Amino acid sequence: MPHLSVHSWRSACVSRPCCCCVLLGRQCAREDDMPSPIRVLTALDQARTQYYHFKAIVIAGMGLFTDSYDLFCIAPVMKLIGRVYYAPSTSTPGVTPPAVVSATVGVALLGAVAGNLLFGALGDRAGRRRVYGASLLLMVCSALASGFSVCRTRGCALASLCLFRFLLGVAIGGDYPLSATIMSEFANRRTRGAFIAAVFSMQGFGILASSAVTMAVAAAFDRYTGRRAPLDAAPEAADLAWRVILMIGAVPAGVTFYWRMAMPETARFTALVEHDVVKATNDIGRVLTDLDLISSITEEEAAAFRRTTPPAPSSSPSPSYGLFSRRFLRRHGRDLFACATAWFLLDIPYYSSTLFQSQIYRPWFPPASRVNAFQEAFNVAKFQAIIAVASTIPGYFVAVVLIDRVGRRRLQMAGFLLMAAFLFALAGPYDRYWRGHATDAWYIVLYALTFFSANLGPNTTTFILPAELFPARFRSTCHGISGAAGKLGALIGAIGFLWASQDRDKREVLAGYEPGIGMMYALIILGGICLLGLAVTYLFTPETMRRSLEENESEDGQSGHGGQGDVVVQRFPEELAELPKSPASVVSSHVSTSPIHPHRFSV
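Along each chain, residues carry numbers from 1 onward, in the same order as the chain's sequence is written. In view of the model being predicted, local features appear only for residues whose pLDDT reaches at least 70, and side-chain atom pairs are presented and counted only at 80 or more, with totals across whole chains, interfaces and linings using the full set of residues. Values reported for side chains reflect all heavy atoms of the structure, with hydrogen atoms and water molecules removed beforehand.

The chain goes by H(+)/Pi cotransporter in an unreviewed UniProt entry, where it is assigned to Digitaria exilis. UniProt positions are given in the numbering used here, feature names are shortened, and annotations may be inferred rather than shown by experiment. Taken verbatim from the UniProt record of the chain, the Subcellular location (unreviewed entry) comment is "Membrane". In its Sequence similarities (unreviewed entry) section, the UniProt entry covering the chain states "Belongs to the major facilitator superfamily. Phosphate:H(+) symporter (TC 2.A.1.9) family."

Dropping the structure here:
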């Protein structure tokens with residue numbers, strides 16, 4: 001159906017009653033009769049998949065693409081920094097101390113915790129679109145600043161790098177709740193899971209791009225400097241190379257900034273939080289061209305809506321309950337606990353993957369003493385690219401295919417179970433067999449399958465579920481809380497378990513570390529954490545597949561499973577009780593062209 005402007009709505013009411021009149025059981029006699037929130041939401045849920053859905057996937061996904069680029073390029077960058085700022089010994093090149101590596105990784109994850117909480121809350125107050133642009137702008141500036149890092153002395157360069165990595169982490173954390181919420185509110189309920197999973201899958205391509213850029217930069221500098229000897233640090237060139245790698249991370253975010261700002265506000269936020277149904281209708285009509293917003297509804301649907309919708313107040317009231325109030329905890333506390341706990345438990349073993357990277361990497365590539373700085377960075381990036389192509393990206397693809405067929409809950413449980421199985425397979429014979437057979441093909445296969453299982457299941461589903469389970473006015477905030485819990489788990493996995501996994505024999509401990517519990521026991525604990533995640537999912541996580549967002553957030557909707565053709569009439573969010581604003585309040589905001597359809601005006 002073609003896009004309908006405000007004038008079209010008025011004309012439609014002349015020929016037949018508009019949907020507001022049908023729903024509220026009154027005559028359509030006034031000029032400002034406009035579509036009700038329920039019609040907008042139903043039209044969004046039933047809309048066919050269109051070009052703009054795929055455009056939104058790319059726009060939202062480029063943020064996560066940049067996120068993964070910036071997070072994963074730091075491993076080869078730290079190899080270059082070690083060669084530049086730390087003096088070599090007689091037989092080994094300069095190496096960045098583990099404490100410095102942990103600090104650099106840790107500040108970015110701490111920033112992500114803050115970013116999830118800050119931008120998640122702002123997204124529910126200032127609007128998804130406005131805050132979305134601010135997050136991306138901060139990401140671009142922080143990525144560029146990380147490359148400049150103020151000065152070239154060791155202490156100053158590393159301190160400024162940590163500062164800008166923290167700010168970059170804030171931007172990265174802020175992108176999580178906003179990307180997921182925007183995509184969930186644009187999507188229809190039949191393919192919503194696949195669309196959000198597709199946005200999240202851009203992380204895999206970000207890892208691949210990070211590896212490709214690092215390899216290209218390292219190869220170019222290696223050739224330019226004449227392929228220096230292994231212990232020749234080439235500080236001038238290496239110092240420039242790692243800065244170039246970090247600054248290139250700003251390019252994909254900068255390219256998509258215009259399109260992100262050109263996106264309209266989501267119709268659900270405008271209709272349910274700002275209570276402006278007319279603006280929501282015009283905004284969504286700019287990009288989704290066949291929404292049937294004035295088709296007739298059945299008498300049963302209208303009667304059910306009248307029974308569940310209280311009389312509209314004379315003025316817009318404040319929400320009936322707030323975040324973390326008793327009513328919120330009673331209605332949504334269980335879901336928030338399930339989302340935050342599952343994400344926290346997942347990220348401990350997922351980010352602990354660095355535990356066995358060195359064991360796999362060292363037997364397959366020359367030692368650092370036999371390659372120069374650029375070749376060492378090239379080999380680390382090459383290994384990351386192999387893992388991304390062999391396990392990370394295929395896991396995301398399978399998740400996109402299965403998420404709306406199998407369901408979120410079952411996929412998350414299966415992923416946790418498979419992760420536990422593969423971690424136990426690595427842990428059991430580790431001391432007796434795997435330690436001396438790191439080049440065995442099965443060792444690499446088990447390692448890759450751990451990544452595959454995580455991306456197939458909980459790494460994807462923990463991103464999707466918080467964007468589906470909460471009311472519109474809390475959706476971004478609750479997703480941010482869940483994401484912050486996940487990044488706290490990432491801190492434990494990437495730093496805590498990295499140190500704890502060191503051998504108990506001090507003679508076998510890597511340089512710069514202290515003795516720990518050993519790799520075998522660390523892997524056993526990680527497998528146990530996966531089983532705990534499986535139990536939490538089984539006991540507390542509801543299924544949201546093919547159900548409207550409004551049904552997912554309701555008390556009655558939690559008790560059943562909506563089918564593809566179900567009409568949600570049991571209960572609607574309290575925001576629907578409030579009247580839309582007058583058309584006059586939005587006339588000025590709609591005289592603008594659409595970046596997606598430049599020939600169309602909303603007036």
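Asker: Sorry, what's going on with the overall build of the chain here?
Answerer: Helix and strand assignments come from DSSP, with helices taken as H or I runs of at least 4 residues and strands as E runs of at least 2, each series counted from the N terminus. Of regular secondary structure, the chain possesses 24 helices and zero strands. The contact criterion used is simple: two residues touch if any of their non-hydrogen atoms lie within 4.5 Å. Of the contacts made within the chain by residues no fewer than 6 positions apart, 81% connect residues no fewer than 24 positions apart. Per-residue and other accessible areas were derived by the Shrake-Rupley procedure at a 1.4 Å probe size, with only the shown protein chains allowed to occlude residues. Total accessible area on the chain is roughly 23,200 Å²; 64% of this is exposed by carbon and sulfur atoms.

Asker: Any chance you could explain the packing of helix H19 (residues 408-427) against helix H20 (residues 441-456) here in plain terms?
Answerer: Two numbers describe a pair of packed helices, the interaxial angle and the distance between the axes. Think of each axis as a best-fit line through the C-alpha atoms, taken over the contacting stretch in the case of a helix, with angles from 0 to 180 degrees between the N-to-C directions. At a minimum axis separation of 8 Å, H19 and H20 run at an interaxial angle of 160°. In terms of orientation, H19 and H20 fall into the roughly antiparallel class. In terms of crossing hand, the pair formed by H19 and H20 is left-handed. Contact with H19, carried on its side by Leu411, Gly415, Leu418, Met419, Phe422, Leu423, Ala425 and Leu426, involves Tyr443, Leu446, Leu449, Thr450, Ser453, Ala454 and Leu456 of H20 and no other residues of that element. Put simply, angles under 35 degrees are roughly parallel, angles over 145 are roughly antiparallel, angles from 65 to 115 are roughly perpendicular, and the rest are oblique. Crossing handedness follows the turn of the near helix against the far one: under a right angle anticlockwise gives a left-handed crossing, and clockwise gives a right-handed one.

Asker: Help me understand the side chain of serine 476, please; the structure alone is not making it clear to me.
Answerer: Along the chain, serine 476 falls in helix H22 (residues 475-500). A relative accessible area of 0% places serine 476 in the buried class. In terms of polar contacts, serine 476 uses its side chain to reach the backbone carbonyl oxygen of glycine 120, at 2.9 Å. Excluding residues within four positions of it along the chain, serine 476 makes contact with Phe119, Gly120, Gly123, Asp124, Arg128, Pro177, Leu178 and Thr181. Buried residues are those whose accessible area, probed at 1.4 Å on protein chains only, stays under 20% of the maximum for their type, while exposed residues exceed 50% and partly exposed ones sit between those limits. We define a polar contact as two N or O atoms separated by no more than 3.5 Å, with the added condition that, inside protein, one atom must be a possible hydrogen donor and the other a possible acceptor, whereas residues neighbouring each other in sequence contribute only through side-chain atom pairs.

Asker: Looking at this structure, how should I read the side chain of arginine 165?
Answerer: Considering the arrangement of structural elements, one finds arginine 165 in helix H8 (residues 154-186). Aspartate 70 is the oppositely charged side chain nearest to the buried, salt-bridge-free arginine 165, at an N-O distance of 5.4 Å. We score Asp and Glu as negative and Lys and Arg as positive, and we do not count His or the chain ends. Salt bridge criterion: a side-chain nitrogen from Lys or Arg within 4 Å of a carboxyl oxygen from Asp or Glu.

Asker: Is there a simple way to explain the nonpolar core in this structure?
Answerer: Taken as a class, soluble globular proteins show a tendency for nonpolar side chains to be buried jointly. Met183, Phe186, Met263, Phe463 and Leu523 are the most contacted members of the largest nonpolar core, which totals 92 residues. Top contributing element to this core by residue count: H8, with ten residues. We define the nonpolar core as a collection of buried residues of types Ala, Val, Leu, Ile, Met, Phe, Trp, Tyr and Cys that are connected through side-chain atoms lying within 4.5 Å of one another. Counting 29 residues, the second-largest nonpolar core is a separate cluster that includes Ala157, Met202, Ala237 and Ala238.

Asker: What am I meant to see in the state of the cysteines here?
Answerer: Such a bond, covalent and formed between the sulfur atoms of two cysteines, is termed a disulfide. Cysteine sulfur atoms are paired as a disulfide whenever they come within 2.5 Å of each other. If you walk through the whole model with that rule in mind, you get zero disulfides. The cysteine cysteine 339 is free of any disulfide, with cysteine 478 supplying the nearest cysteine sulfur at 8.5 Å. Judged by relative accessible area, cysteine 478 falls into the buried class, the value being 0%.

Asker: Sorry if this is basic, but what is going on with the environment of alanine 500 here?
Answerer: For alanine 500, the position within the fold is in helix H22. A relative accessible area of 25% places alanine 500 in the partly exposed class. Taking the C-alpha atoms as reference points, alanine 500 and methionine 519, 19 residues apart in sequence, are found 8.2 Å from one another. Every residue in contact with alanine 500, bar those within four places of it in the chain, is listed here: Gly516, Ile517 and Gly518.

Asker: How should unusual backbone geometry be read in this particular structure?
Answerer: Residues other than glycine predominantly adopt negative phi, and peptide bonds predominantly adopt the trans conformation. One non-glycine residue with positive phi stands out, namely histidine 275, at about 60°. For histidine 275, the location among the structural elements is in the loop between helix H13 (267-273) and helix H14 (277-287). Overall, the relative accessible area of 11% leaves histidine 275 in the buried class. A positive phi is found at arginine 546, a non-glycine position, where the angle reads about 60°. Residue placement: arginine 546 occurs in the loop between helix H23 (519-540) and helix H24 (549-553). Judged by its relative accessible area of 28%, arginine 546 is partly exposed.

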